[in-house]
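A look at the structure
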Amino acid sequence: MTLSLSPMELSLNQCIKCNICTTVCPVSAVTDRFPGPKYEGPQAGRFRYYYQPAPDISVDYCSGCRMCNMACPTGVKIAELNARARANLVNQGKIPFQQRVRNNMIARSELLGKLAQPVAPLANAILSN
Ligand code: SF4
Ligand code: SF4
């Protein structure tokens, strides 16, 4: 089997395990359920070669903010590795239904705004109280 990896996938080999990405990740700062960019991107990424099933679904907590990409001194495409891993999890049907609904709502801010518009006066009144 010929293995053809994209430059994005190959970028995980540039990881020098400095952990700078973990210090800037807003998600790993607030929950132990997300082990951090170094683990989710270059580390776990090695086990996803040949599109094997991901080790766990913790990568679904990545918000895709790309703070890790900007901080990484060696140019590892962490956010993209995470996005690809999440897409594979979705294709494998491994993301629970509730999380899929949540992800789709968050990803569609215009739709979320339209749905929330009718209750905006009530929400504003509660918040200003
Ligand atoms: S893209 Fe994901 S892993 Fe990177 S800093 Fe943002 S939440 Fe953390
Ligand atoms: S910042 Fe880059 S090189 Fe350092 S641990 Fe994270 S991915 Fe690896």
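Located above this text is the structure these notes cover.
We now turn to the structure provided with this report. (Residues numbered from 1 in each chain as written. Chains lettered and ligands numbered in written order. Predicted model: local features only at pLDDT ≥ 70, side-chain atom pairs only at ≥ 80, totals over all residues. Heavy atoms only, no water.)

Examining unusual backbone geometry
The phi torsion of most residues other than glycine is negative, and most of the peptide bonds are trans. At Asn 19, a residue that is not glycine, the phi angle is positive and equals roughly 75°. Position of Asn 19 among the secondary structure elements: in the loop between helix H1 (7–10) and helix H2 (20–24). For Asn 19, a relative accessible area of 32% gives the class partly exposed. Even without being glycine, Arg 66 reaches a positive phi, approximately 70°. Here Arg 66 shows up in the loop between helix H3 (37–45) and helix H4 (67–71). (Helix = DSSP H or I, 4+ residues; strand = E, 2+ residues; numbered from the N terminus. Buried < 20%, exposed > 50% of the residue type's maximum accessible area, 1.4 Å probe, protein only.)

Some remarks on the nonpolar core
Listed in full, the 8 residues of the largest apolar core are Met 8, Leu 12, Cys 21, Cys 68, Cys 72, Val 76, Ile 78 and Leu 81. Residues contacting Cys 21, with those up to four places away along its chain left out, are Pro 37, Lys 38, Cys 68 and Ile 78. (Core = buried A, V, L, I, M, F, W, Y, C linked by side-chain atoms within 4.5 Å. Contact = heavy atoms within 4.5 Å.)

A look at the pattern of salt bridges
Counted according to the given criterion, the structure contains 4 salt bridges. Between Arg 84 and Glu 9 there is a salt bridge, with the nearest N and O atoms lying 3.4 Å from each other. You can see Arg 84 sitting in helix H5 (residues 78–91) and its partner Glu 9 sitting in helix H1, a full 75 residues away along the chain. (Salt bridge = Lys/Arg side-chain N within 4 Å of Asp/Glu carboxyl O.)

A short note on the site of ligand 1
The environment of ligand 1 is made up of 14 residues, and the closest members are Cys 25, Cys 62, Cys 65, Arg 66 and Cys 68. Put simply, the parts of the chain that give the shell around ligand 1 at least two residues each are H4 and H5. Its residues assigned to classes, the shell around ligand 1 shows 10 nonpolar, 3 polar and 1 charged. (Near = heavy atom within 4 Å. Nonpolar A, V, L, I, M, F, W, Y, C, P; charged D, E, K, R; others polar.)

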